[in-house]
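These are the residues of each chain, in order.
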Amino acid sequence: MDHKPVLFQEVMAALRKEGPALYLDCTFGGGGHTRGLLESNAEAAVVGLDCDPEAAERATAFCEKRFEFIALNFGKLATLDRGPFDGILMDLGVSSFQLDTAERGFSFNKEAPCDMRMDTRSGVTAAQFLETASEAELTRAIRDFGEEVAWRKVVRSIIETRETHTWDTTTALAAWLADLLPKHTRIHPATKVFQGIRIAINDELGNLERGLLAAFAKLKPGGVLAVISFHSLEDRIVKQFFREKAGLPIDRHDARCQDDRAVQATLLTKKPIIPTSVECAQNPRSRSAKLRILQKSF
Ligand SMILES: C[S@@+](CC[C@H](N)C(=O)[O-])C[C@H]1O[C@@H](n2cnc3c(N)ncnc32)[C@H](O)[C@@H]1O
């Protein structure tokens, strides 16, 4: 399976430190960034987290005394009994392992149970969500998280159709959505609905908000927090959190005066770092990545 860590050099440059350093990789995945951090500095140690049991299995192949894996959702990072850290990384979203493994149900062009959970040990599957979610929960997933313009039609149709029908496989759900939705865009008509359901059932935005708060608290003075996001909803949360910590207005509606804003950090990326055209060509999944970097004040 092809796995290329996104914005690898840029992340290494952001977190590089001479001498003893303790890092936290909140999204171990295939361990690409973790390996880079361990190799970049012989005195570095890394704590790696992931909520996916398959990532935990991959981590057992890391026979490295300077590495420790902990199976934890970064939404519960406040409970982690490690740190403080010199550098913390969050490389959000799903890994190529998850996307490429049909049985995980993340991909609409591979026949599989309609699951989409990152942590397969808990929570509801996508199929269960479609069967049981309230109208408000479906709207939040499909309108707010999926940003599907035809959300009303999708929500109404799910509620009507689920009386007599279940969507047990990803391909069945994708085909049903393709029949329901117009096909005038370049992307598959199911793309946005799948994204919205995935974000909802994994509580991706809630975990990100809690994770950012806890990560910042676990940084040493002068420590660096680097976050790679893949869609605008995540990126907005990261951007606003970073601006708040840097004492900057979080958006153009933020009317607080300078004295009301505490400066706890320096924003190292005024604009997010994005992959080069070469990286996008080599790794099309990197195309929408945005890296933002924050340094906690000394
Ligand atoms: C894009 S991949 C990370 C790839 C990794 N940086 C690498 O180089 O291999 C994202 C990983 O984060 C994990 N993940 C996503 N949300 C998480 C959360 N809330 N808590 C813990 N792990 C999470 C996913 O299971 C996935 O393995």
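What you are looking at is a predicted structure, and each value in this text was computed from that prediction instead of being measured. (Residues numbered from 1 in each chain as written. Predicted model: local features only at pLDDT ≥ 70, side-chain atom pairs only at ≥ 80, totals over all residues.)

Notes on the domain arrangement of the chain
Consideration 1: Under the domain assignment, the chain is made up of domain 1 (8–97 + 205–296) and domain 2 (120–201).
Consideration 2: Between the C-alpha centres of domain 1 and domain 2 the distance comes to 30 Å. (Domains from an automatic or database assignment.)

As for the environment of S96
Consideration 1: With respect to the element layout, S96 can be found in helix α4 (residues 96–100).
Consideration 2: Classification of S96 by C-beta neighbours within 10 Å gives partly exposed; the count is 18.
Consideration 3: In this structure the C-alpha to C-alpha distance between S96 and D144, which are 48 residues apart in sequence, comes to 25 Å. (Helix = DSSP H or I, 4+ residues; strand = E, 2+ residues; numbered from the N terminus. Buried ≥ 20, exposed ≤ 12 C-beta atoms within 10 Å, placed from the backbone.)

A word on the sheet that holds strand β4 (residues 85–91)
Consideration 1: Spatially, β3-β2-β1-β4-β5-β7-β6 is the arrangement adopted by the seven strands of the open sheet, whose pairing is mixed. Two strands bound the open sheet, and with one partner strand each, they are β3 (67–71) and β6 (265–267). Ignoring which end each strand starts from, the neighbouring axes of this sheet average 15 degrees apart.
Consideration 2: In the packing of helix α2 (residues 32–40) onto the sheet, the strands contacted are β1 (21–25), β2 (44–50), β3 and β4, and the crossing angle to β2 comes to about 170 degrees.
Consideration 3: The sheet strands contacting helix α11 (residues 232–245) are β5 (219–229), β6 and β7 (290–296), and the helix crosses β7 at an angle near 20 degrees. (Pairing = 2+ DSSP bridges. Axes fitted to C-alpha atoms, helices over the stretch in contact; angles between N-to-C directions. Contact = placed C-beta atoms within 7 Å.)

Description of the site of the ligand
Consideration 1: Every one of the 21 residues lining the ligand counts as a neighbour, but P5, T27, G29, G30 and G32 are closest to it.
Consideration 2: Contributing elements (two or more residues each) for the shell around the ligand: α2 and β2.
Consideration 3: In the shell around the ligand, the residues fall into six nonpolar, 12 polar and three charged. (Near = placed C-beta within 6 Å. Nonpolar A, V, L, I, M, F, W, Y, C, P; charged D, E, K, R; others polar.)

Observations regarding the pairing of β7
Consideration 1: Most of β7 is tucked away, with seven of its seven residues classed as buried.
Consideration 2: Taking every second residue as pointing to the same face, both faces of β7 are buried, with K290, R292, L294 and K296 on one and L291, I293 and Q295 on the other.
Consideration 3: Of the strand pairs in this sheet, β6 and β7 are connected by three bridges, and their pairing is antiparallel. Residue pairing across strands places A265 opposite K296, the latter belonging to β7.

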